[in-house]
Amino acid sequence: MAVQIERIRKDIDFINKFNASPERGITRQTFSKEYQAAVDYVVKELKYIGTEISYCRGGNIKARLPGTDGNAPAVMMGSHLDTVVHGGRFDGVVGVVTALEAARVITEQKIAHRLPIDVVVFAEEEGSRFNWGLLGSSIWTGQLDHSRLENIKDSGGVTYPEATARAGFEVSDESMLEPEKLRAMLEVHIEQGAVLEKKGCRIGLVEAIAGIKHFDITITGRADHAGTTPMDARADALQAAARIIASVEDIAQEIGAHTVATVGRIACEPGQSNVIPGIVRFSLDVRNPDETVLNSAITTINQTVKDICDNRHLGFEITPLGSVQPVSLSGEIVDLMEEKAREKNIRSLRIVSGAGHDTALFAELAAAGMIFVPSANGRSHCPEEFTRLEDIGLGCEVLLSTVTALAA
Ligand code: HGY
Ligand code: MN
Ligand code: MN
């Protein structure tokens, strides 16, 4: 192996020392002090090998290994360092540390490359602080207008631009990512499912990424006394929300065809045991690799919200948040990665991603590809998340040979 897995181990361990919830999993929210410390570590390592660092629009970071042809489109590789709350050690981190290690090897071995090679760290991929997934890459690729950021706030009311400024993040490169500047985008990521493990494959070649639609749903009833309000005189927002949430599971199961729907967050006001809930807010995450099926699931769920609320004379509001279309990734890149894996006698498997990734936003801009490495028991977004260092090393090897072939 050209890559050094002990360096990868050290990078993963160092980055995960920066954690707001050491008692339970990993929590590293965008622009938090933990996040900044992790980013600072990676930037220091990238500077050490001589890359040119740029602080880009949307809070993203780019570290360039210049090629012999400075005007040529770049080959980009990387992922994210932010996590869900009480998440795992590998989601996103694996893509950043494998890109860092590949850049080290390219520099150390003086591997010639005509195209520039960029290591990137995308901000707010998870949306766990600002409730808008793929936020940094959406801004950078122009899929979300910069002006929208003023209205994207965390639970404390801090806007994304304010949080960016408070973290001392000063944009040094305002340019957007455009097709003429990009040859390819490659991301190594944990599978976050159990397919590779079940099939005994150590590398997944992602052919498509499921579409995701996020919403916030608010049900408005009437707060009343829990003891004096008869059952037939109530406008109980939580009773309606409970029936809607149960229907979400039924609808996803009835539609099938890889439809998944999740209510992951709920808040009830005023949240007192002796007050009938007046307002309930909850999240909705619906996914499917097929646009038509995804949209039909959304339509059915929206109709169910309306029927249940109308029936109970309650108000409701369905607010769309971040969403990303289902995408197919580049067949050229899948074929190339498959060939590189075969050259190294690595069993690979073509696979569809149920998880969302920044790379999905590059499918229209460049030849976009993802390399999956197995997740133990398919677990992710939890402290139990685990991937073997040896598998991460293989993912890095395939990344390195694919990137150097593209940038030659
Ligand atoms: O939600 C996702 O699929 C990704 O982990 N952000
Ligand atoms: Mn991720
Ligand atoms: Mn994730």
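All of these numbers come straight from a predicted model, not from anything done at the bench. (Residues numbered from 1 in each chain as written. Chains lettered and ligands numbered in written order. Predicted model: local features only at pLDDT ≥ 70, side-chain atom pairs only at ≥ 80, totals over all residues. Heavy atoms only, no water.)

This part is about the overall build of the protein. When its secondary structure is counted, the protein shows 10 helices and 16 strands. Radius of gyration (C-alpha) of the protein: 22 Å, near the 22 Å computed for a compact globule of 408 residues. Each principal axis of the C-alpha distribution contributes one length, and for the protein these read about 80 × 45 × 40 Å. Per-residue burial over the protein gives 56% buried out of 408 residues. Split by element, the accessible area of the protein, about 17200 Å² in all, is 50% carbon and sulfur. Looking at the protein, you have 41 positive and 56 negative side-chain charges, and the mean spots of the two groups are 3 Å apart. (Helix = DSSP H or I, 4+ residues; strand = E, 2+ residues; numbered from the N terminus. Rg over C-alpha atoms; globule rule 2.2 N^0.38 Å. Buried < 20%, exposed > 50% of the residue type's maximum accessible area, 1.4 Å probe, protein only. Areas by Shrake-Rupley, 256 points an atom, 1.4 Å probe, with all protein chains shown as cover. Lys, Arg positive; Asp, Glu negative; His and termini not counted. Charge placed at Lys NZ, Arg CZ, Asp CG, Glu CD.)

A word on the coordination of the manganese ion (ligand 3). Protein coordination at the manganese ion (ligand 3): the donors are Asp91 (OD), Glu126 (OE), Glu126 (OE) and His381 (NE2), at 2.0 to 2.8 Å from the metal. Counting the intervening residues between successive donors of the manganese ion (ligand 3) yields the motif D-x34-E-x254-H. Here the manganese ion (ligand 3) and the manganese ion (ligand 2) are spaced 3.5 Å apart, linked through Asp91, which binds each one. Of this pair, Asp91 sits in the loop between strand E3 (74-80) and helix H3 (93-108) while Glu126 sits in the loop between strand E4 (117-122) and helix H4 (135-140); the two residues are 35 residues apart in sequence, bridging distant segments of the chain. For the residue pair Asp91 and Glu126, the accessibility class agrees, reading buried in each case. (Donors = N, O, S within 2.8 Å, 3.2 Å for Na, K, Ca; no water.)

For ligand 1, the full set of nearby residues is Asp91, Glu125, Glu126, Arg287, Ala355, Gly356 and His381. Between an oxygen atom of ligand 1 and a side-chain N or O atom of Arg287, the distance comes to 2.6 Å. His381 has a polar side-chain atom sitting 3.0 Å from an oxygen atom of ligand 1. Taken by itself ligand 1 offers 220 Å² of open surface, and the protein chains cover 89% of this. (Near = heavy atom within 4 Å. Polar contact = N/O pair within 3.5 Å; in protein donor to acceptor, adjacent residues only side chain to side chain.)

Attention now goes to the packing of aromatic side chains. To describe a pair of aromatic rings, you give the distance between the ring centres and the angle between the ring planes. Under the counting rule described, the total for this entry stands at 10 aromatic pairs. On the basis of an interplanar angle of 65° and a centroid distance of 6.1 Å, the ring pair of Phe122 and Trp140 is categorised as edge-to-face. Taken as a pair, Phe122 in strand E4 and Trp140 in helix H4 lie far apart in primary sequence, 18 residues in all. Sitting above the plane of the Phe14 ring, Lys17 keeps its charged end 4.0 Å from the centroid. (Phe/Tyr/Trp six-rings, centres within 6.5 Å; stacked < 30°, edge-to-face > 60°. Lys NZ or Arg CZ within 6 Å of the ring centre and 35° of its normal.)

Right, let's get into the coordination of the manganese ion (ligand 2). Bound to the manganese ion (ligand 2) on the protein side are His80 (NE2), Asp91 (OD) and His189 (NE2), at distances that span 2.1 to 2.2 Å. Considered as a linear motif, the donors of the manganese ion (ligand 2) on their single chain read H-x10-D-x97-H.

A few words on the pattern of salt bridges. Within this structure, the stated rule accounts for 31 salt bridges. Where Asp285 meets Arg287, a salt bridge forms, and the shortest distance between an N and an O atom there is 2.8 Å. By relative accessible area, Asp285 is classed as buried at 13%. Each member of the salt-bridge network shares a partner with another, and the members are Arg7, Asp11, Lys44, Glu45, Glu101, Arg104 and Glu108. (Salt bridge = Lys/Arg side-chain N within 4 Å of Asp/Glu carboxyl O.)

So, on to the packing of helix H1 (residues 5-17) against H3. Two numbers describe how H1 lies on H3: the axes approach to 10 Å, and their chain directions differ by 135°. By the angle class used here, H1 and H3 are oblique. Where H1 crosses over H3, the two elements pack in a sense that is right-handed. Judged by residue contacts, Arg7, Ile8, Asp11, Ile12, Ile15 and Asn16 of H1 engage Val93, Val97, Leu100, Glu101, Arg104, Val105 and Glu108 from H3. Grouping the constituent residues of the contact of H1 with H3 by class yields seven nonpolar, one polar and five charged. (Axes fitted to C-alpha atoms, helices over the stretch in contact; angles between N-to-C directions. Parallel < 35°, antiparallel > 145°, perpendicular 65-115°, else oblique. Left-handed = near helix turned anticlockwise from the far one by under 90°. Contact = heavy atoms within 4.5 Å. Nonpolar A, V, L, I, M, F, W, Y, C, P; charged D, E, K, R; others polar.)

Looking now at the packing of helix H7 (residues 237-255) against helix H8 (residues 291-311). Following both chains from N to C, one finds H7 and H8 inclined at 150°, their axes separated by 10 Å at the closest point. Considering the angle they form, H7 stands roughly antiparallel to H8. Viewed along their axes, H7 and H8 form a crossing whose handedness is right-handed. Residues Ala240, Arg243, Ile244, Ser247, Val248, Ile251 and Ile255 of H7 pack against Val293, Ser296, Ala297, Thr300, Ile301, Thr304, Val305, Ile308 and Cys309 of H8. Among the residues making up the contact of H7 with H8, the classes are represented as 11 nonpolar, four polar and one charged.

Across soluble globular proteins, you tend to see nonpolar side chains buried next to one another. In this structure, Met77, Leu81 and Leu135 are the most contacted members of the largest nonpolar core, which totals 75 residues. For Leu135, the contacting residues outside a window of four places in its chain are Ala123, Glu124, Phe130, Leu144, Leu149, Ile152 and Tyr160. Counting 26 residues, the second largest nonpolar core, distinct from the first, contains Val120, Met185, Ile212 and Val327. (Core = buried A, V, L, I, M, F, W, Y, C linked by side-chain atoms within 4.5 Å.)

Okay, helix H2 (residues 33-48) next. With 16 residues, H2 extends 22 Å between its outermost C-alpha atoms, agreeing within 8% with the 22 Å of an ideal straight helix rising 1.5 Å per residue. Within H2, burial applies to Glu34, Tyr35, Gln36, Ala38, Val39, Tyr41, Val42, Val43, Glu45 and Leu46. Along its buried surface, H2 packs onto H1, strand E1 (52-56), strand E2 (60-65), H3 and E4. Following H2 by one or two positions, Gly50 has its phi on the positive side, about 90°. (Expected span 1.5 Å × (residues − 1).)

As a further point, take the domain arrangement of the protein. Here the domain parsing of the protein yields domain 1 (5-210 + 326-407) and domain 2 (211-323). Distance from the C-alpha centre of domain 1 to the C-alpha centre of domain 2: 33 Å. For the pairing of domain 1 and domain 2, the buried interface totals around 790 Å² over both sides, and the portion due to carbon and sulfur atoms is 59%. On the domain 1 side of the contact with domain 2, Asn131, Ala210 and Pro326 bury the most area, a combined 59% of that side's loss. (Domains from an automatic or database assignment. Buried area = accessible area lost by both parts, 1.4 Å probe.)

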